[in-house]
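Architecture at a glance
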2 protein chains.
Amino acid sequence: MSSPLFEPFPIRSMVLPNRLVLPAMVTRLSGEDGIVNDDIQTRYVRFAKGEVGLIVVEAMAVHTAKSGPLLRIGSDEFVPGLRELARRCHDAGPGKIVPQIIHFLKISRSGWRQTVDMLSHAEIDAIVDAYGTAAVRARACGFDGVELHMAHAYTLSSFLSRVNPRRDEYGGTLENRLRLPLRVLERVRRMVGDDFPVGVRFLGEECIRNGYTVLDAGPIAVRLAGAGADYLSLSAGGKFEDARAIPGEPLYPYTGYSGDRCMPGNQYPDGANLYIAEAVRAAVRAAGLATPVVAVGKIPTRELAERVIAHEKGDLVGMARALLADPDLPRKWREGREDMVVRCVYGNVCKALDENFRRVTCTLWPKTLGRAPESDDTVPPAWPTGTPDLRADCKNGRVLLRWKAATDNEAVYGYQVLRAEGEGILRHHASVRGSSTRYEDPRALGGQVYRYAVRPYDLAGNHGPMSPSVRAVLE
Amino acid sequence: MSSPLFEPFPIRSMVLPNRLVLPAMVTRLSGEDGIVNDDIQTRYVRFAKGEVGLIVVEAMAVHTAKSGPLLRIGSDEFVPGLRELARRCHDAGPGKIVPQIIHFLKISRSGWRQTVDMLSHAEIDAIVDAYGTAAVRARACGFDGVELHMAHAYTLSSFLSRVNPRRDEYGGTLENRLRLPLRVLERVRRMVGDDFPVGVRFLGEECIRNGYTVLDAGPIAVRLAGAGADYLSLSAGGKFEDARAIPGEPLYPYTGYSGDRCMPGNQYPDGANLYIAEAVRAAVRAAGLATPVVAVGKIPTRELAERVIAHEKGDLVGMARALLADPDLPRKWREGREDMVVRCVYGNVCKALDENFRRVTCTLWPKTLGRAPESDDTVPPAWPTGTPDLRADCKNGRVLLRWKAATDNEAVYGYQVLRAEGEGILRHHASVRGSSTRYEDPRALGGQVYRYAVRPYDLAGNHGPMSPSVRAVLE
């Protein structure tokens with residue numbers, strides 16, 4: 001079971017226990033006061049217990065703007081909560097923990113939003129100052145490093161953007177678009193010292209009209225790495241420019257196509273965004289720099305995660321939704337128990353909750369629990385009569401599967417649906433919550449023979465016996 | 001100079017002289033009457049003379065709806081012009097020629113547009129009929145085959161779409177979304193007979209929110225190929241869903257992000273959409289089908305075109321903008337004179353002209369000529385004093401190149417700008433029209449040493465001597 005995924009990975013002064021990274025993910029668990037609360041503690045401690053190599057805590061504001069339930073790090077009143085968070089995560093698992101620090105511009109329910117061309121030079125200088133002092137505060141809190149948020153719809157990303165409308169030395173050419181991000185990085189480095197890890201998250205592709213692609217992201221990465229970034233974490237999309245306007249609501253990024261590309265759902269192939277990390281990493285290496293790159297974008301399996309490393313698509317593997325679905329994924333992979341992982345179905349219910357300004361949970365979690373279950377149980381679920389009587393009805397261009405419920409000593413958590421074409425291998429096709437015993441296949445083709453089977457799993461991830469398979473043919 | 005690109009390529013009853021394809025491209029040269037006119041003849045004969053293997057003539061309507069300057073094939077009055085077009089193209093070059101036939105829904109300046117859920121079953125049947133009779137008419141006109149338009153924002157593509165809103169047997173599951181496209185293909189096949197090539201163009205990725213990706217395009221391709229499509233030509237995007245709304249103008253596809261992805265401009269890497277053809281071709285081959293796939297998306301060089309074939313990303317190579325810039329590209333490649341090709345700069349002026357409902361030309365063409373020049377001249381341009389005195393000014397985050405004009409016995413057509421990093425190889429970086437002697441590099445990075453050179457070319461594509469290189473460093 002030896003794998004480069006589980007070898008220690010040094011990043012400046014910190015050594016990650018493995019190459020798995022939890023990228024920053026909105027939780028909406030914080031209060032309006034921006035102080036770390038119990039829900040935040042519980043959420044991140046759970047990730048730490050699962051043994052992920054690096055936890056990047058959700059974006060916290062470096063400045064003092066009000067913005068609903070968002071963590072903050074812009075003054076010393078936030079230090080005790082953040083310090084407690086770092087300490088508890090360190091106690092709970094072997095991983096390292098860094099906060100993502102963010103500056104964003106103003107936005108109103110009227111639809112108006114502040115854009116980078118409205119900023120004076122004094123306001124730009126204040127952004128540099130705010131990042132610098134926030135990074136120092138992150139160090140004082142006991143975090144292992146700090147990540148500068150230069151991605152998605154926020155201030156530094158809007159400077160990097162190919163649609164940055166400024167006409168002075170902060171806009172126009174790529175070098176000018178890089179000017180503020182580089183000033184921020186240089187200031188942070190100067191203030192936190194030479195030994196403190198400073199990562200950067202930025203977009204490998206904007207995924208908006210006239211936006212930039214890897215052609216710009218390569219040079220951006222080279223400049224950031226050359227200026228001392230310790231890792232480069234790549235995202236895609238998540239912009240205001242194509243966000244859906246809802247009257248009376250502030251515009252929210254991630255609601256348009258670029259939001260789809262940021263968190264590719266089940267309509268996307270696995271590893272949909274890996275080409276981005278691969279191209280950017282190649283540009284960094286071609287420039288003679290060894291800076292590690294975090295690759296992300298729908299990486300559900302250990303096999304794909306290992307391929308990322310082996311095929312040099314990235315040096316670290318980021319997974320947000322897969323870890324939300326099962327925080328114990330790193331530990332289960334390390335222990336060779338991948339079949340006990342509760343697999344994310346990429347249905348993006350978590351994304352939709354965020355878009356609707358609600359607390360972010362996983363649709364797979366038991367509803368009454370409201371969080372990922374914890375169980376050391378080793379007894380798998382069973383079919384009460386030895387078989388679930390799986391049936392497939394084919395009509396109206398649809399294949400509908402139905403089966404009888406499994407039983408478990410604790411609780412049936414869900415069912416995996418497996419599908420094969422003809423006599424081929426049965427592969428994981430979808431997952432269904434334990435409260436349901438039906439599944440409709442949206443992608444079955446006419447004239448093709450399919451076989452389906454189902455398999456129950458419990459709260460610990462123990463999988464019961466696979467049902468006998470059934471055949472289905474759509475006319 | 002032997003290359004698979006220039007080997008004959010059979011598609012059912014036709015044999016292409018090479019693997020290069022001109023995909024259907026809006027010209028806006030037609031009149032409102034939809035009849036082939038002299039401008040249309042001239043445009044396509046010019047492509048034929050350049051020896052492209054397959055010309056796909058711009059979309060022509062199978063039905064009788066009015067829609068501005070668009071070719072039509074919906075009744076017999078259009079036959080004489082189309083027959084003349086096929087005959088003249090056959091006379092002018094070795095390539096084959098097929099019309100792309102299209103059905104589209106109604107759209108108004110008010111912003112209203114008809115969508116597929118508004119169609120009755122009788123209207124759906126009429127679409128099948130219209131395609132069938134139009135295909136028979138294409139055969140009667142002397143075309144070598146016919147291409148069914150199932151891509152972009154039009155009727156059959158809207159049925160295939162993952163956002164198809166129909167709730168009956170023509171919507172919902174993938175098989176239902178395929179129902180009308182398959183009916184059309186089957187009807188066309190039955191009516192044109194077994195020996196007439198029928199190709200299909202469809203989207204490998206919709207590039208809109210909730211749109212489909214190669215995960216659906218693979219199965220779509222398998223079904224279309226299984227139903228007798230002779231080639232599968234893949235496009236991306238070009239949808240109404242993200243088109244920019246301009247009050248008083250009918251909504252036009254290609255104006256949003258999905259339009260960028262349809263015709264990737266110079267912000268995209270070369271071969272930006274090849275992953276689509278590669279994934280779809282792999283799905284077709286995995287299903288045991290040999291149907292050839294046309295790969296497209298910013299393929300500027302023979303080296304990349306050959307890589308498409310060698311790496312099995314496609315069987316045929318489609319190029320629209322590169323052939324608009326230089327219709328003689330296939331002949332020049334075949335003759336080993338790639339350095340005489342006038343290279344498309346992917347500035348998408350052609351795309352912008354189309355979006356503004358203007359005749360589509362190439363910005364590189366001599367302005368007074370209004371079309372690609374033809375010249376057998378062999379005398380290259382020269383620098384009058386032996387050198388153009390190339391200078392690079394570096395300030396305000398910009399590198400500005402300026403040089404003295406070259407001279408030519410006929411006319412200087414343009415200048416290639418070459419760039420190297422440090423002491424690396426000088427590579428083609430941009431092209432500038434002959435009327436200009438300056439270029440600003442938008443992508444130069446601070447701290448990096450660059451070298452630049454310029455090279456003039458004339459109407460025939462003869463390239464004059466490269467200038468001495470100059471160094472440039474941005475602070």
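Please read these numbers as outputs of a predicted model, since none were measured by experiment.

A few points about the overall build of chain A
Regarding its fold elements, chain A presents 13 helices and 17 strands. Here the C-alpha atoms of chain A give a radius of gyration of 23 Å, agreeing with the 23 Å that 2.2 N^0.38 yields for 475 residues. C-alpha extents for chain A along the principal axes are approximately 70 × 45 × 45 Å. Put simply, chain A has 475 residues, and 60% of those count as buried. Partitioning the intrachain contacts of chain A with sequence separation of at least 6 by distance along the chain shows that 69% fall at a separation of at least 24. Split by element, the accessible area of chain A, about 17,700 Å² in all, is 50% carbon and sulfur. Averaged over its 62 positive side-chain charges, chain A has a centre that lies 3 Å from the centre of its 57 negative ones.

Some details on the packing of aromatic side chains
Evaluated as defined, the whole model comprises 18 aromatic pairs over all chains. For the ring pair Tyr413 of chain B and Tyr457 of chain B, a centre distance of 5.5 Å and an interplane angle of 70° mean the geometry is edge-to-face. Placement of Tyr413 of chain B in strand β13 (residues 412-421) and of Tyr457 of chain B in strand β16 (residues 449-458) is noted, with a sequence separation of 44 residues between them. Here the aromatic cluster, defined as three or more aromatic residues joined through ring pairs, consists of Tyr252, Tyr254 and Phe357 of chain A.

Side note on unusual backbone geometry
Positive phi is not limited to glycine here, since Glu312 of chain A has a value of about 55°. For Glu312 of chain A, the position within the fold is in the loop between α10 (302-310) and β10 (316-318). Judged by relative accessible area, Glu312 of chain A falls into the partly exposed class, the value being 49%. Notably, Arg28 of chain B is not glycine yet its phi reads approximately 55°, a positive angle. Tracing the sequence through the fold places Arg28 of chain B in the loop between β3 (20-22) and α1 (38-49).

Observations concerning the domain arrangement of chain A
Reports of interface size often rely on the accessible area that becomes lost once the parts have come together. Residue and element names in this part refer to chain A. Partitioning chain A into structural domains gives domain 1 (4-355) and domain 2 (391-473). The partner domain 2 presents ten residues to the ten residues of domain 1 that form the contact. A buried area of about 750 Å², summed over both sides, lies between domain 1 and domain 2, and 50% of it is on carbon and sulfur atoms. On the domain 1 side of the interface with domain 2, the three residues burying the most area are Met340, Val342 and Arg343, jointly 56% of the side's total. Counting the contacts that link domain 1 with domain 2 gives zero salt bridges.

Considerations on the pairing of strand β5 (residues 96-102) of chain B
All names here are of chain B. With respect to burial, β5 is a largely interior element, six of its seven residues being buried. Pairing of β5 with strand β6 (residues 146-150), which is carried by two bridges, proceeds in the parallel orientation. Directly across from Gln100, in β6, lies its bridge partner Glu147. In this fold, β5 hands off to helix α3 (residues 121-140), which returns the chain to β6; that crossover is right-handed.

A look at the interface of chain B and chain A
Contact with chain B, which involves 44 residues of that partner, is made by 44 residues of chain A. Carbon and sulfur atoms supply 52% of the area buried between chain B and chain A, which totals about 3,300 Å² over both sides. Connecting chain B to chain A are two salt bridges. Note that Arg443 of chain A is salt-bridged to Asp216 of chain B, the shortest N-O span being 2.8 Å. Broken down by secondary-structure element, the contributors of at least two residues to the side of chain B that touches chain A are α5 (174-177), α7 (214-226), α8 (257-262) and β15 (438-441) of chain B. Broken down by class, the residue content of the side of chain B that touches chain A amounts to 14 nonpolar, 14 polar and 16 charged.

Observations regarding the relation of the copies chain B and chain A
The two chain copies are connected by a rotation around an axis plus a translation along it. In the superposition of chain B on chain A (RMSD 0.0 Å, axial shift 0.0 Å), the rotation amounts to 180°. In the structure described here, the two chain copies are related by an operation that fits a two-fold rotation axis. Interface residue correspondence from chain B to chain A reaches 100%, placing this contact among same-surface, isologous pairings.

A few points about the side chain of Lys313 of chain A
Its location among the elements puts Lys313 of chain A in the loop between α10 and β10. A polar contact of 3.3 Å, which involves the side chain of Lys313 of chain A, links it to the side chain of Glu278 of chain A.

Details of the sheet that holds strand β12 (residues 398-402) of chain A
Residue and element names in this part refer to chain A. Reading across from one edge, β11-β12-β15 is the order of the three strands in this open sheet, with antiparallel pairing throughout. With partners counted over all chains shown, the strands left at the sheet margins are β11 (391-395) and β15 (438-441), one partner each. Each strand axis lies, on average, 20° off the axis of its neighbour in the sheet, ignoring direction. As judged from the five bridges shared by β11 and β12, these two strands associate in the antiparallel manner. Among the inter-strand pairings, Ala392 is bridged to a residue of β12, identified as Leu401.

Considering the environment of Val136 of chain B
Residues and elements named next belong to chain B. With respect to the element layout, Val136 can be found in helix α3. With relative accessibility at 32%, the residue Val136 sits in the partly exposed group. Along the backbone, Val136 and Met191 are 55 residues apart, and their C-alpha atoms lie at a distance of 6.5 Å. Those residues in contact with Val136 that sit more than four places away from it in its chain are Met191 and Val192.

Considerations on the pairing of strand β17 (residues 470-473) of chain A
Successive side chains on a regular strand alternate, one facing one side of the sheet and the next facing the other. All names here are of chain A. In β17, alternate side chains face the same way, and those of Val470 and Ala472 are buried while those of Arg471 and Val473 on the opposite face are not. Judged from the four bridges that link them, strand β16 (residues 449-458) and β17 form a sheet pairing that is antiparallel. Along β17, the bridge assignment pairs Arg451 with Arg471.

Quick look at the packing of α1 of chain B against helix α2 (residues 79-92) of chain B
Residue and element names in this part refer to chain B. Axis separation between α1 and α2 bottoms out at 8 Å; the angle between their running directions is 25°. In terms of orientation, α1 lies roughly parallel with respect to α2. As for the relative orientation of α1 and α2, their crossing is right-handed in sense. Facing α1, whose interface residues are Ile40, Gln41, Tyr44, Val45, Ala48 and Lys49, α2 presents Gly81, Glu84, Leu85, Arg88, Cys89 and Ala92. Considered class by class, the residues forming the contact of α1 with α2 number seven nonpolar, two polar and three charged.

So, the environment of Thr363 of chain B
Residue and element names in this part refer to chain B. Examined against the element boundaries, Thr363 turns out to sit in the loop between α13 (349-355) and β11 (391-395). Remark: the alpha-carbon pair of Thr363 and Leu324, spanning 39 residues in sequence, is separated by 9.9 Å. Contacts of Thr363, omitting those with residues within four sequence positions, involve Val349 and Arg433.

Focus: the environment of Ala236 of chain A
With respect to the secondary-structure elements, Ala236 of chain A resides in strand β8 (residues 231-236). Ignoring any residue separated from it by four or fewer positions in sequence, one finds Ala236 of chain A in contact with His152, Leu203, Glu205, Cys207, Ser258, Arg261, Cys262, Asn273 and Ile276 of chain A.

Remarks on the sheet that holds β16 of chain B
All names here are of chain B. Pairing within the open sheet is antiparallel, and its four strands lie in the order β14-β13-β16-β17. Looking at strand neighbours, the two that pair on one side only are β14 (427-433) and β17 (470-473), the edges of this open sheet. Taken over all neighbouring pairs, the strand axes of this sheet differ in orientation by 30° on average, direction set aside. As judged from the nine bridges shared by β13 and β16, these two strands associate in the antiparallel manner. Bridged to Tyr415 within β16 is Pro456.

Focus: helix α6 (residues 179-192) of chain A
All names here are of chain A. In this model α6 runs 20 Å from its N-terminal to its C-terminal C-alpha over 14 residues, within 8% of the 20 Å that 1.5 Å per residue would give. Buried within α6 are the following residues: Leu180, Pro181, Leu182, Val184, Leu185, Arg187, Val188, Arg189 and Val192. At its buried positions, α6 is contacted by α3 (121-140), β6 (146-150), α4 (155-160), α5 (174-177), β7 (198-205) and α7 (214-226). Just past α6, the residue Gly193 takes up positive phi, approximately 95°.

Regarding the pattern of salt bridges
Throughout the structure, instances matching the rule amount to 81 salt bridges over all chains. With its nearest N and O atoms 3.3 Å apart, the salt bridge here joins Lys313 of chain A to Glu278 of chain A. Of this pair, Lys313 of chain A sits in the loop between α10 and β10 while Glu278 of chain A sits in helix α9 (residues 274-286), placing them 35 residues apart in sequence. For Arg334 of chain B, the salt bridge goes to Glu51 of chain B, with nearest N and O atoms at 2.8 Å. Taken together, the residues span a long stretch of sequence, with Arg334 of chain B in helix α12 (residues 329-334) and Glu51 of chain B in the loop between α1 and β4 (54-61) at a distance of 283 residues. Three or more residues are tied together by salt bridges with common partners; here these are Arg46, Lys49, Glu51, Asp328, Arg331, Arg334, Glu335, Arg337 and Glu374 of chain A.

Thresholds, definitions, all that
- Residues numbered from 1 in each chain as written.
- Chains lettered and ligands numbered in written order.
- Predicted model: local features only at pLDDT ≥ 70, side-chain atom pairs only at ≥ 80, totals over all residues.
- Heavy atoms only, no water.
- Helix = DSSP H or I, 4+ residues; strand = E, 2+ residues; numbered from the N terminus.
- Rg over C-alpha atoms; globule rule 2.2 N^0.38 Å.
- Buried < 20%, exposed > 50% of the residue type's maximum accessible area, 1.4 Å probe, protein only.
- Contact = heavy atoms within 4.5 Å.
- Areas by Shrake-Rupley, 256 points an atom, 1.4 Å probe, with all protein chains shown as cover.
- Lys, Arg positive; Asp, Glu negative; His and termini not counted.
- Charge placed at Lys NZ, Arg CZ, Asp CG, Glu CD.
- Phe/Tyr/Trp six-rings, centres within 6.5 Å; stacked < 30°, edge-to-face > 60°.
- Domains from an automatic or database assignment.
- Buried area = accessible area lost by both parts, 1.4 Å probe.
- Salt bridge = Lys/Arg side-chain N within 4 Å of Asp/Glu carboxyl O.
- Pairing = 2+ DSSP bridges.
- Right-handed = clockwise from strand over helix to strand, strands pointing away.
- Nonpolar A, V, L, I, M, F, W, Y, C, P; charged D, E, K, R; others polar.
- Least-squares fit on C-alpha atoms with pLDDT ≥ 70 in both.
- Polar contact = N/O pair within 3.5 Å; in protein donor to acceptor, adjacent residues only side chain to side chain.
- Axes fitted to C-alpha atoms, helices over the stretch in contact; angles between N-to-C directions.
- Parallel < 35°, antiparallel > 145°, perpendicular 65-115°, else oblique.
- Left-handed = near helix turned anticlockwise from the far one by under 90°.
- Expected span 1.5 Å × (residues − 1).

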